[in-house]
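The primary structure of each chain is shown beneath.
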Amino acid sequence: MRRSFADQFERLDREVMTLPDALYLVSRNESMCRGGVTGFAYAFNRNPTTMAHKFDAGHPGHNLNTIELMDFLRYVSPEGRAIVLDSFHAELGDSQWFSTVPYEEEAEVELLVAGASEVLHAAADAANTVASHITDGRIDAQELGETRKLAARIVRVGIGLWRRARHVHLKQQGAGVVRG
């Protein structure tokens, strides 16, 4: 039995999928990919039918090349990009990605508190989710995918906290602020 698109779209938020599944679903999710595959194809002057085949694992003779993948990552929303990158790095098995988007001008203390809060929330979400998964004494493939996504989130928010602290530090150095 094949899952409905609604079920599949829900999986995007919940678990790390295979790269072909992530590309297929992100390319068909209007909130992540404006105009879907057709919108992407026209934005980069490519044939929409050919691009649709390249995003569909049911057409094994059609594959995205590196340039098309990079263009797609630039085209989709940050949320869609995160889903594809999670899947890409999961397939590699030994790498991790994190965002390097510059911080907006915020008060220094608030920036650090927000980062610390994000770390605590990510850890609490992961602990609660894993605890609920192991109540039956086993973890299935879907639960393992969800746990993997939560673990990657903890790493990313930890790096984000360090980046926020570094941002505040560099800003203070640039302003000539000396602290003990």
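Residues numbered from 1 in each chain as written. Predicted model: local features only at pLDDT ≥ 70, side-chain atom pairs only at ≥ 80, totals over all residues. Heavy atoms only, no water.

Moving on, we get to the packing of helix α3 (residues 36–43) against helix α5 (residues 66–75). Packing of α3 against α5 leaves a shortest axis separation of 11 Å and a crossing angle of 110°. Accordingly, the angle class assigned to the pair α3 and α5 is roughly perpendicular. Like other packed secondary-structure pairs, α3 and α5 cross with a definite hand, here right-handed. Contacts from Gly39, Phe40 and Ala43 of α3 reach α5 at Glu68, Asp71, Phe72 and Tyr75. Here the contact of α3 with α5 is built from residues that sort into four nonpolar, one polar and two charged. (Axes fitted to C-alpha atoms, helices over the stretch in contact; angles between N-to-C directions. Helix = DSSP H or I, 4+ residues; strand = E, 2+ residues; numbered from the N terminus. Parallel < 35°, antiparallel > 145°, perpendicular 65-115°, else oblique. Left-handed = near helix turned anticlockwise from the far one by under 90°. Contact = heavy atoms within 4.5 Å. Nonpolar A, V, L, I, M, F, W, Y, C, P; charged D, E, K, R; others polar.)

Take α3 next. Of the residues making up α3, those classed as buried are Gly36, Val37, Gly39, Phe40 and Ala41. Buried residues along α3 sit in contact with α2 (19–27), α4 (48–54) and α5. Of the residues one or two after α3, Asn45 is the one with positive phi, at around 55°. (Buried < 20%, exposed > 50% of the residue type's maximum accessible area, 1.4 Å probe, protein only.)

One pass over the full model with this rule turns up six aromatic pairs. Ring geometry for Phe44 versus Tyr75: centroids 6.1 Å apart, planes at 75°, classification edge-to-face. With Phe44 in the loop between α3 and α4 and Tyr75 in helix α5, this residue pair connects regions lying 31 residues apart in the sequence. Assessed through its relative accessible area of 29%, Phe44 is described here as partly exposed. (Phe/Tyr/Trp six-rings, centres within 6.5 Å; stacked < 30°, edge-to-face > 60°.)

Time to look at unusual backbone geometry. Backbone geometry at Asn45 places phi at a positive 55°, although glycine is not the residue there. Looking at the element boundaries, Asn45 is found in the loop between α3 and α4.

Pairing between side chains becomes possible if they bear opposite charge and their charged atoms approach one another. According to the stated counting rule, one finds six salt bridges in the structure shown. With its nearest N and O atoms 2.9 Å apart, the salt bridge here joins Arg46 to Asp71. Of this pair, Arg46 sits in the loop between α3 and α4 while Asp71 sits in helix α5, and the two are 25 residues apart along the sequence. With respect to class, Arg46 is no different from Asp71; both count as buried. Put simply, Arg46, Asp71 and Arg74 are held in one network by salt bridges that share partners. (Salt bridge = Lys/Arg side-chain N within 4 Å of Asp/Glu carboxyl O.)

Structurally, the position occupied by Glu143 is in helix α8 (residues 141–174). There is no salt bridge for the buried Glu143, and the closest opposite charge comes from Arg138, which lies 5.3 Å off by N-O distance. A polar contact of 3.4 Å, which involves the side chain of Glu143, links it to the side chain of His133. For Glu143, the residues in contact, after removing those within four places along its chain, are His133 and Arg138. (Lys, Arg positive; Asp, Glu negative; His and termini not counted. Polar contact = N/O pair within 3.5 Å; in protein donor to acceptor, adjacent residues only side chain to side chain.)

Right, let's get into the side chain of Arg156. Following the sequence through the fold, Arg156 ends up in helix α8. A relative accessible area of 16% means that Arg156 is categorised as buried. When sequence neighbours within four positions are dropped, the list of residues in contact with Arg156 reads Asp86, Gln96, Trp97 and Phe98.

Shape descriptors only; they carry no functional weight alone.
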